[in-house]
Every structure is written in structure tokens, then in C-alpha cells.
Amino acid sequence: MAEYNRVSECVGLITLRNPPVNALSAAVRQGIVDTVERALSDPNVKSVVICGQNGIFCGGADIKEFGSKMTGPPLIPMIHAIESANKPVVAAIEGSALGGGLELALGCHYRIAHSKARLGLPEVSLGLLPAAGGSQRLPRLIGVPAALNLITTGRHVTAAEALQLGIVDQVTDHNTVDAAVKFALSVAGRSLDPRRISTHPCPQQPDLDALFEEVMQKVRQSARGAIAPIACVQAVRAAATLPYAQGMERERELMATLFTSGQARALQYCFFAERAVGRWRMPSGARWDTSKPRPVHKAAVIGLGTMGRGITVALAQTGLSVIAVETQEKQLMEAKQAISGMLERGAKRRGVAPALDRVIYSQNIQAVADVDLVIEAVFEDIALKTKVFQQLSAVCKPGTLLCTNTSALDVDQLASETPNPELVVGMHFFAPAHVMKLLEVVYGPRSSPQAVATAMQLGKKMGKASVAVGNCRGFVGNRMLKPYIEEAFFLLEEGATPELVDQALEEFGFSMGVFRMSDLSGLDVGWRVRKGDGLVEPGTASGRSARIRQGRRYSPLGDLLCEEGRFGQKTGRGWYQYDKPGSRVARSDPWLHSFLGAYRAQHGLVARRIDHQEVLERCLYALINEGFHILDDGIAAGPEDIDVIYVSGYGWPRHRGGPMFYANMVGLAKVLERLEHYQQLHPEVPHLQPSSLLRRLVASGSPPIHKWGEVIKKLHSQL
Ligand SMILES: CCCCCC/C=C/CC(=O)SCCNC(=O)CCNC(=O)[C@H](O)C(C)(C)COP(=O)(O)OP(=O)(O)OC[C@H]1O[C@@H](n2cnc3c(N)ncnc32)[C@H](O)[C@@H]1OP(=O)(O)O
């Protein structure tokens, strides 16, 4: 797990070997302890180089070990032994030096990095802090403000930035190990005292208290209830104010609290869930590892509204040539201007040249004849989309993948309108498509595994969290959103305000409560869908019967607001009021409160006091319950798929792991009991009826989330 060689006669070369990222497992740590001892006791060795195999230094502690009892030598004394060594130790950093990997490098006396290497202390994103001395050494090396930035955000820096900050001593474009060996030879015999970072004082910083206060305030605001970023600030404060040994003790105390927290478990679950969704599988048995994607070099986007523009930008930024088609000249010109602006701004942010010439604009669908993949993003109208798909089938070269960006229509119906339904999949992007991380890849019963593999691979290339899901109304994300929104409407009828509901959800950790989110995305979107479903009835009918539609409880509140022209931010009025149309700062609206009062009076509803707990239970458990239905129906392959969708596309707080993980943490029996409780109170609300999968899981003793698959499989085999 750590190999030892003597090179250039007097340099001990230690190579970490633990594919794929040389994580510091118990065996690797033991290997480091043994090989360092060997190098230090060999009189022929004058200096030591530590590197990692396969072009990666070290991805940090082995996260898989966190769930079980720690064995093997601990990291802190191991790093301390390196720092105390009487021979220079040089870290040769290729690929990544992250977390414990960078902490190991900070224990070395010198660091040489390849120009393409990336370094960072991302522990905060796993609900932890750099507790192998990283929170104490980094501020001593690069100063408090820079260390705070790196440790509280967990961001990775390039080798160039690491050099500028003083994290590394040299950057090379050539063989890093060779450069490190040469360097190690050149420093052999020099005094190592100035190179032992733990012995340095923290660089002086004027008005330390004010700095920490300001940073703590910012961090609390952006943490949305996450505890690790706050502990990170406290640990760096210890580095700035205490001697090293006491700082280390504080680091240990803070880490002990984080390490066993539910948040750390949730964040580590997210890390593995994001990787697990790449190993997709379909009910047909097709899988990621047996389905070969087709190469995609040239793509087309049909329809250049908001979604089409974002998708065009995302594709061009990935390096693809894109044909962007819009039939109306005026719209095409406007889209060209908007897309160019987005590309220019994106390029400026990333410090690269804008990919303007990768996009060709056309009014003619014939222009897409030779592309490998098309993404249709025209208006959500089945007749229009069907026409586009028929045109595409006639125009495109054989084998072109036809994707629809629909968020609501039936992908399988569209596929059936084409001669090659196996080439059709949904690619459901989220607005703005060049920014939002989530992509649902929607397969129908006839989509070929190759089509799914191609869309998934393209999504990955675009940097998206791509999740393969089955075809159903709303797919996964929007299907689960429906009961969540409906419960929020019902709560308003029963006495809550948009402010109360949003506050409860935002304190839970959502980036935006349901009503602020609805104002942002536009109330007319849902109105149009409800109209299409025949749910919207104009008029002033009152009483309970007016709120039962299609046999179930219905709240017309959203429809009534739309009838008033209150579409949200874009009209300056919605569930809140705004200074002007397009403004983003939501203010409480007395009109809305009187409207709710009048509505309740008209319908004979008596407002009651609703607390945050009821808001959370009704909105979140209704959403989670739909998640169980989705698993039961085989629309999502596993709970990780649902959780990645909610964390990366719907503002679900990452430190709560996603809705299904959250249900697992709360306890499935408790979720079931609360759903049964609310269902008894609201028998006319089907989405509060607990799913049979939830009941089965509870009956099976509420197995941990990674074992749900066994119960789901049993259920399917009995159907
Ligand atoms: C009470 C005191 C206890 C003290 C404990 C000491 C604590 C130390 C703190 C830490 O070091 S925490 C870990 C910090 N490190 C990270 O957060 C890095 C995580 N990894 C990455 O960011 C990326 O994997 C990468 C290293 C940049 C490589 O990215 P790439 O896209 O090339 O590959 P991936 O698909 O992400 O990963 C490949 C494969 O490797 C698994 N993996 C990655 N990192 C780790 C790790 N640190 N431990 C265990 N496994 C890791 C990953 O899950 C993938 O596995 P798969 O099975 O192929 O999906």
C-alpha cells in the first residue's frame, strides 16, 4: 500500500498505492509509517520524496472507513513524525492532494506540484473539518483570511493558485517525481526548523476579532443550518489565537462532534450517491457497464426560448458544435444576442475564450441533417413537439439521437411518433440550463440502452448530475413536487401564511420556501398544467364541494391569484409583492393576507394556528411518500437517484442528504405514523395515504437505506 525504493542513490521514494485515488486507508497509513521509518533509519538516504501512483497524489482519508471502527495508525502522529524527521521530506503532488492528502503534504517540509494538480481541504463538504492538523497548519502557512476561504468552502485550487498562496514551493510542467527528487537532493542537509509549519506562528492579522465576526456571519448565512462550516471557522480561530498544541486539541474536540453527527453521515451519503447514480440500470436489465454510448461531436437545439438558450450555452461550453434552430427570425436574432452574452460572461468568469463560433444559428430545421444528437426545447405542446419530432426523423441522418427537454409531456408518446422510438429519450434540464446541475435522463419502454448511455455520458461531460429515470407524469422531481406544493396550498387554507410556510422550509435548509420558489418560477406554469388537467374552474363557487375536484381535495388558491394577473416576480405580484416586475426581493403583501381571509370566509374555513413542525411534516412527508411510490413503480432505480435529484435540482439541503435519506434518518416508522395521522384528518387527500413500499419497509424492521433494494426487489417479484 506504500512502496519504498531508493532512487538517485540517496533519495528514499515512497509511493502510495491504493487505486483509484490513493486514499489513506489503514493499510496505506501503515505503509507510510513503515516506509518513513525505513527511509529515516537508512544512513544512505539523505532525503525523502512521497508521491502517489497513477498520477494522483492522494484523495484524502478513505471515506468508506468512516462508518466503521477506525483501525491502523492514526493520521496525526503519522504526519507529525514526517514533520519532525531529521531528513527533508518532499511531497510530489500530481493529480489531486485533497483533505488528508493535503494535510500529509503540509506535514512534509517541501511541496512540488504538477501544473495540472489541484489541492484543497474539502472536508467541510463531507460535514467534517481538516482534523489531521490541516486547520492548524494551513493558516500558519498562508495566513488566516486565505485559510478561512479554503477551509470553509472546501474549494480546490489550481497549482498556480497554490503557488501564489504559498501552499507549494514549486510548480512543474514536467515529471513531478523527477522534479521532486532533484529538489530533494538540492535541499539535503539544510536546516529543517524553518520548514516545520506547526512551529510557525500564524501570520499577524490586524483586527482578528472583527475578521472572525464578519466571516462567521457570512458562513452562518450561507450554511443554511450546516454545522461543519461553523466548526471550520472555530478551528481556524484556534490556530490564530492559541499555541499549536492547544489548537490541535480544539481541532480534535470540534472534529469529535462533527464526526458522529447526522449531517456528516448525510453529506458522505451524498458523495457516494452522486457517484452511484452514474452506475444506472433500467428495468430491462440494461446497465451502464454493458451499454456503449455513441460519440457526440455535433448537436442541435430546436427552439431558443429560455431553456433552449441555456442548453445551447451548456453544449457549446462543453466543446460541442451546436446548430441552434428557431423558425422566427426576430426570436432567432434575440436568442443569438442572448446566447452570445451568456457565452461571453461565462468565458470571462472562467478566464477562457468564449465559444461563440461553436454555435451556428438557423431558421431551417434542415440544417440539423448531420448532427449526432438533437435536443428539442420548443413550447410544451404535444402537437407541436410531435410535429418537430416527425420533421427531425425525416431530416436527421440515421442513428441521430432525438431528445426532448419536456418537463411534463409523455416521452413515450413522442417516441411513438417517430420511426425509431429506440433513439428517443428525455433530457430534462432545469432553468437556467447552463447553470443548474441537475439533468433527468428519461427513458421510455422502447428507449435503447445505447440512447440512455449516450445522454448520460453527454450529461456527465456537461458537468451535470445526470440521473436516469423512467417515464411518468412529472418524472421524479416534479412528480414529488406536486404533493409538496398541494400541501402548502392546503396549509394556507387552514390558517398558515406564505411567510410562515416559507420560513419553516428555509429554516429546515431549503434555499427557498415553496411560495418564494413559486414566485420565482412563475405561478402561470402550474396554472397552465392544471388547466390542461381540467382542474381549473372559473367562478366563485364556495364551500367544501368547490374544493373537491376529480374526487379529491383541491385548492384553487393558485388559480385565483393567476386570475388576478399575479404570476410572481415577473409581474411584481404573486404570493409576495415586489418593488417592480422582475425585482427579486420578496416583501409581505397585506393584500394577500386579506385575500386569504376573504377566501377562508367564503369557503367556511376557520383559520387555526399552524406550527413549523406541521408545515414540515405535511409538506415533506407528502413529498417523501411520493418518493416511495416512485421506487415502488420502478421509476427510480434506488433512493440515491431521488436524493441526488432533490439535492442538485430542488434546493433540498445537502446536509440532510435528500428526502429518502432524511426519511431514513427520521425513522420510517415515524414517517408512516405521521402520514397515517394526517391521512385520518384529511381523508380526501390521496397523497397522504402511505405508500405500500413504506409499509413494507416498516414491516421489515425499517432496514437501513442501502438495504431498501432488497425489500423493493421482493415487492416487484411478487407483483
Ligand atoms: C476522529 C478523527 C478522524 C480523523 C479522520 C481524518 C479525516 C481526514 C479528512 C479527509 O481526508 S476526508 C476526505 C477528503 N477528500 C475528499 O473529499 C476527496 C474526495 N474525492 C474527490 O473529490 C474525487 O474523488 C477526486 C479525488 C477529485 C477524483 O475525482 P474523479 O472524478 O477522478 O473520480 P471519482 O469518480 O470522484 O472517484 C473515483 C472513485 O474513488 C472513490 N473515492 C474518491 N475519493 C475517495 C476517498 N477519499 N475515500 C474513498 N473513496 C474515494 C469514489 O467513491 C469513486 O469510487 P467508485 O466506486 O468508482 O464510485
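Parameters and conventions
- Residues numbered from 1 in each chain as written.
- Predicted model: local features only at pLDDT ≥ 70, side-chain atom pairs only at ≥ 80, totals over all residues.
- Heavy atoms only, no water.
- Buried < 20%, exposed > 50% of the residue type's maximum accessible area, 1.4 Å probe, protein only.
- Helix = DSSP H or I, 4+ residues; strand = E, 2+ residues; numbered from the N terminus.
- Right-handed = clockwise from strand over helix to strand, strands pointing away.
- Pairing = 2+ DSSP bridges.
- Expected span 1.5 Å × (residues − 1).
- Contact = heavy atoms within 4.5 Å.
- Axes fitted to C-alpha atoms, helices over the stretch in contact; angles between N-to-C directions.
- Parallel < 35°, antiparallel > 145°, perpendicular 65-115°, else oblique.
- Nonpolar A, V, L, I, M, F, W, Y, C, P; charged D, E, K, R; others polar.
- Phe/Tyr/Trp six-rings, centres within 6.5 Å; stacked < 30°, edge-to-face > 60°.
- Lys NZ or Arg CZ within 6 Å of the ring centre and 35° of its normal.
- Near = heavy atom within 4 Å.
- Polar contact = N/O pair within 3.5 Å; in protein donor to acceptor, adjacent residues only side chain to side chain.
- Salt bridge = Lys/Arg side-chain N within 4 Å of Asp/Glu carboxyl O.
- UniProt positions renumbered as here; feature names shortened; annotations may be inferred.

Here's the deal with the pairing of strand 14 (residues 401-404)
Here strand 14 shows two buried faces, one formed by Leu401 and Cys403 and the other by Leu402 and Thr404. For the crossover from strand 13 (residues 373-376) across helix 14 (residues 382-395) to strand 14, the handedness is right-handed. When strand 14 meets strand 15 (residues 424-429), the two strands line up parallel, connected through three bridges. Its bridge partner being in strand 15, Thr404 is matched across the sheet by Gly426. As a crossover connection, the stretch from strand 14 through helix 15 (residues 411-416) into strand 15 is right-handed.

Some remarks on helix 13 (residues 329-350)
If you check helix 13, its first and last C-alpha atoms are 31 Å apart, about what 22 residues at 1.5 Å a residue would give, namely 32 Å. Three or more residues of helix 13 are buried, namely Leu332, Ala335, Ile339, Ser340, Gly341, Met342, Leu343, Gly346 and Ala347. Lining the buried residues of helix 13 we find helix 12 (306-317), strand 11 (321-325) and strand 12 (359-362). Gly351 sits one or two positions beyond helix 13 and adopts a positive phi of about 65°.

Describing the sheet that holds strand 17 (residues 465-470)
Pairing between sheet strands relies on hydrogen bonds along the backbone, with the strands arranged either parallel or antiparallel. Within the open sheet, the eight strands sit side by side as 12-11-10-13-14-15-16-17. Their pairing is mixed. Bordering the open sheet on either side are strand 12 and strand 17, each of which pairs with just one other strand. Taking each pair of neighbouring strands and ignoring which way they run, the sheet shows an average axis angle of 25°. Sheet analysis places strand 10 (residues 298-302) next to strand 13, joined by four bridges and oriented parallel. Bridge pairing links Ala300 to Val374 in strand 13. Across the sheet, helix 24 (residues 639-649) lies against strand 16 (438-443) and strand 17, angled at about 130° from strand 17, the strand it touches most.

Focus on the packing of helix 17 (residues 477-494) against helix 22 (residues 590-602)
Where helix 17 contacts helix 22, the axes come no closer than 9 Å and their chain directions differ by 80°. Classified by the interaxial angle, the pair formed by helix 17 and helix 22 is roughly perpendicular. Judged by residue contacts, Leu492, Glu493 and Glu494 of helix 17 engage Leu596, Tyr599 and Arg600 from helix 22. Looking at the contact of helix 17 with helix 22 residue by residue, the class counts come to three nonpolar, no polar and three charged.

With respect to the pairing of strand 2 (residues 11-16)
By the criterion of burial, strand 2 is predominantly enclosed, with six of the six residues buried. Residues Val11, Leu13 and Thr15 point to one face of strand 2 and Gly12, Ile14 and Leu16 to the other, with burial holding for every one of them. Examined bridge by bridge, strand 1 (residues 2-7) and strand 2 share six bridges and lie antiparallel to one another. Across the sheet, the residue bridging to Val7 is Val11, located in strand 2. Here strand 1 folds back onto strand 2, and the loop between the two strands holds three residues, one of which, Ser8, carries a positive phi near 45°. In the sheet, strand 2 pairs with strand 3 (residues 47-52) via six bridges, with the strands oriented parallel. Residue pairing in the sheet places Leu13 in a bridge with Val49 of strand 3. As a crossover connection, the stretch from strand 2 through helix 1 (residues 26-41) into strand 3 is right-handed.

Structural notes on the packing of aromatic side chains
Inspection of every chain in the model, using the stated rule, returns 19 aromatic pairs. Here Arg275 stacks its cationic end above the ring of Phe271, 3.7 Å away from the centre of that ring.

Some points on the site of the ligand
The environment of the ligand is formed by 22 residues, the closest being Gly59, Ala61, Gly100, Arg275 and Arg279. Within the contact set of the ligand, a nitrogen atom lies 2.9 Å away from a backbone nitrogen or oxygen of Gly59. When contributions to the shell around the ligand are tallied by element, the ones reaching two or more residues are strand 5 (96-98) and helix 11 (262-276). The element contributing the most residues to the shell around the ligand is helix 11, with three residues. Among the residues forming the shell around the ligand, the class breakdown is twelve nonpolar, five polar and five charged.

Concerning the pattern of salt bridges
Summed over all chains, the structure comprises 42 salt bridges. In this structure, Asp289 and Arg287 form a salt bridge, with 2.8 Å as the shortest nitrogen-oxygen distance. A relative accessible area of 42% means that Asp289 is categorised as partly exposed. Of the charged contacts, one joins Arg528 and Asp524 as a salt bridge, the two residues approaching to 3.9 Å between their closest N and O atoms. With Arg528 and Asp524 both in helix 20 (residues 523-532) and four residues apart, the pair spans about one turn of that helix.

A few points about the sheet that holds strand 7 (residues 118-120)
In spatial order, the strands read 5-7-8; together these three strands make up an open sheet with mixed pairing. In this open sheet, the two strands that pair with only one neighbour each are strand 5 and strand 8 (157-158). Direction of pairing for strand 7 relative to strand 8: antiparallel, over a ladder of two bridges. Note that in strand 8 the partner of Leu119 across the bridge is Val157. Against the sheet, helix 3 (residues 100-107) makes contact with strand 5 and strand 7, and its axis sits at roughly 90° relative to strand 5, the strand it touches most.

Brief notes about the side chain of Asp42
Topologically, Asp42 is positioned in the loop between helix 1 and strand 3. Excluding its chain neighbours within four sequence positions, the residues that come into contact with Asp42 are Tyr4, Arg6 and Lys87.

Digging into the UniProt feature "domain: 3-hydroxyacyl-CoA dehydrogenase NAD binding" (unreviewed entry) in the protein chain
Per the UniProt record, "domain: 3-hydroxyacyl-CoA dehydrogenase NAD binding" (unreviewed entry) is found at residues 298-471. Secondary structure within residues 298-471 divides into 39% helix and 23% strand; the distance between the first and last C-alpha atoms comes to 26 Å.

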